Amino acid sequence: MTTYSLKNHFLIAMPGLTDSRFSKTVTYICEHNEGGAMGIVINQPASISYSELFSQLKLGENIATDEPLLLGGPVKKERGFVLHSGEQSWASTMPVSDDISITGSKDILEAIANNQGPKSALIALGYAGWSTNQLEQEIAENSWLTVPGNKQIIFDTPIEERWASSAKQLGIDLHLLSTQAGHA
């Protein structure tokens, strides 16, 4: 049974994690309880931009940006989620921390497309999910490092720097870690 929560934490993939869905990823954990965990991968860009999404959904063309959508994880890849600063709420907004929320309803996309969205946001397709005690087992198997979430890394750090920047919070350079575990 989970006695602690990793909600509002990053899961940082260890260099030895070879699962292509999670290799060199940072996942922001939005929920973690006795039933499992749910998070959004914040550093895997998709091949579609915000502008293309808004055009496909006929939400307006007010935002012309090449900002890529993110691949939030392998579960329900057809569903969109928005991680955003917490100053506003929409139909399905759930606070993750005092200053970060997650929303999965179309009204936030309409607001973003019309320059009325949150101050900071990222849009992801799909999410990462773990069943009861699965995440705890993966951490015990040395697949992940954990560190408290950081809104500057989520919203202000370039996508390609988020993995290394997250680990630097622990004073670790992931490029110097071995991919093999040993016993003394």
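Structure shown above.
Residues numbered from 1 in each chain as written. Predicted model: local features only at pLDDT ≥ 70, side-chain atom pairs only at ≥ 80, totals over all residues. Heavy atoms only, no water.

Here the focus is the overall build of the protein chain. A tally of helices and strands in the protein chain yields 5 helices and 10 strands. The C-alpha radius of gyration computed for the protein chain amounts to 17 Å, which stays within 12% of the reference 16 Å derived for 184 residues, consistent with globular compactness. Principal axes of the C-alpha set define a box for the protein chain whose edges measure 60 × 35 × 25 Å. The buried share among the 184 residues of the protein chain stands at 45%. Residue pairs at least 24 apart in sequence account for 65% of intrachain contacts in the protein chain once pairs closer than 6 positions are excluded. Roughly 9,600 Å² of accessible area belongs to the protein chain as shown, and the carbon and sulfur atoms make up 48% of that amount. Here the protein chain holds 12 positive side-chain charges and 20 negative ones, and the gap between their average locations is 3 Å. (Helix = DSSP H or I, 4+ residues; strand = E, 2+ residues; numbered from the N terminus. Rg over C-alpha atoms; globule rule 2.2 N^0.38 Å. Buried < 20%, exposed > 50% of the residue type's maximum accessible area, 1.4 Å probe, protein only. Contact = heavy atoms within 4.5 Å. Areas by Shrake-Rupley, 256 points an atom, 1.4 Å probe, with all protein chains shown as cover. Lys, Arg positive; Asp, Glu negative; His and termini not counted. Charge placed at Lys NZ, Arg CZ, Asp CG, Glu CD.)

Glancing now at the environment of Trp144. Position of Trp144 relative to the elements: it lies in strand S10 (residues 144-148). As a C-alpha pair, Trp144 and Leu17 span 127 residues in sequence and 8.1 Å in three-dimensional space. Each residue touching Trp144, except ones within four places of it in the same chain, is listed here: Leu11, Ile12, Ala13, Met14, Leu17, Phe22, Thr25, Thr27, Trp130, Leu135, Glu138 and Ile139. A polar atom in the side chain of Trp144 sits 2.9 Å from the side chain of Glu138. (Polar contact = N/O pair within 3.5 Å; in protein donor to acceptor, adjacent residues only side chain to side chain.)

What follows concerns the packing of aromatic side chains. If you walk through the whole model with that rule in mind, you get 6 aromatic pairs. Taken together, a centroid distance of 6.2 Å and an interplanar angle of 35° make the contact between Phe22 and Trp130 tilted. A residue pair is termed long-range when its members are at least 10 positions apart, and Phe22 in the loop between strand S1 (9-13) and strand S2 (26-33) and Trp130 in strand S9 (residues 121-130) qualify at 108 residues. Each member of the pair, Phe22 as well as Trp130, is classed as buried. Joined through ring pairs, the aromatic side chains of Phe22, Trp130 and Trp144 make up one cluster. (Phe/Tyr/Trp six-rings, centres within 6.5 Å; stacked < 30°, edge-to-face > 60°.)

A positive phi angle, close to 65°, is found at Asn8, a residue other than glycine. With respect to the element layout, Asn8 can be found in the segment before S1. Owing to a relative accessible area of 23%, Asn8 belongs among the partly exposed residues under this scheme. The phi dihedral of Asn115 falls on the positive side, at around 55°, and the residue is not glycine. Residue placement: Asn115 occurs in the loop between helix H2 (106-113) and S9. For Asn115, a relative accessible area of 57% translates into the label exposed.

Once that is clear, we can look at the pattern of salt bridges. For the coordinates displayed, the defined rule picks out 2 salt bridges. Among the salt bridges present, the one from Arg21 reaches Asp19, with a minimum N-O distance of 2.7 Å. Taking relative accessible area as the criterion, Arg21 reaches 45% and is therefore assigned partly exposed. Residue Asp99 is joined to Lys151 by a salt bridge in which the shortest nitrogen-to-oxygen separation is 3.7 Å. Within this pair, whereas Asp99 is found in the loop between strand S7 (94-95) and strand S8 (100-103), its partner Lys151 is found in helix H4 (residues 151-155), the two being separated by 52 residues in sequence. Using a relative accessible area of 33% as the deciding quantity, one classes Lys151 as partly exposed. (Salt bridge = Lys/Arg side-chain N within 4 Å of Asp/Glu carboxyl O.)

Further remarks concern the pairing of S9. The element S9 is extensively covered by neighbouring structure, given that 7 of its 10 residues are classed as buried. Note that strand S3 (residues 36-41) and S9 share 3 bridges and pair antiparallel. The residue of S9 that forms the bridge with Gly39 is Ala128. (Pairing = 2+ DSSP bridges.)

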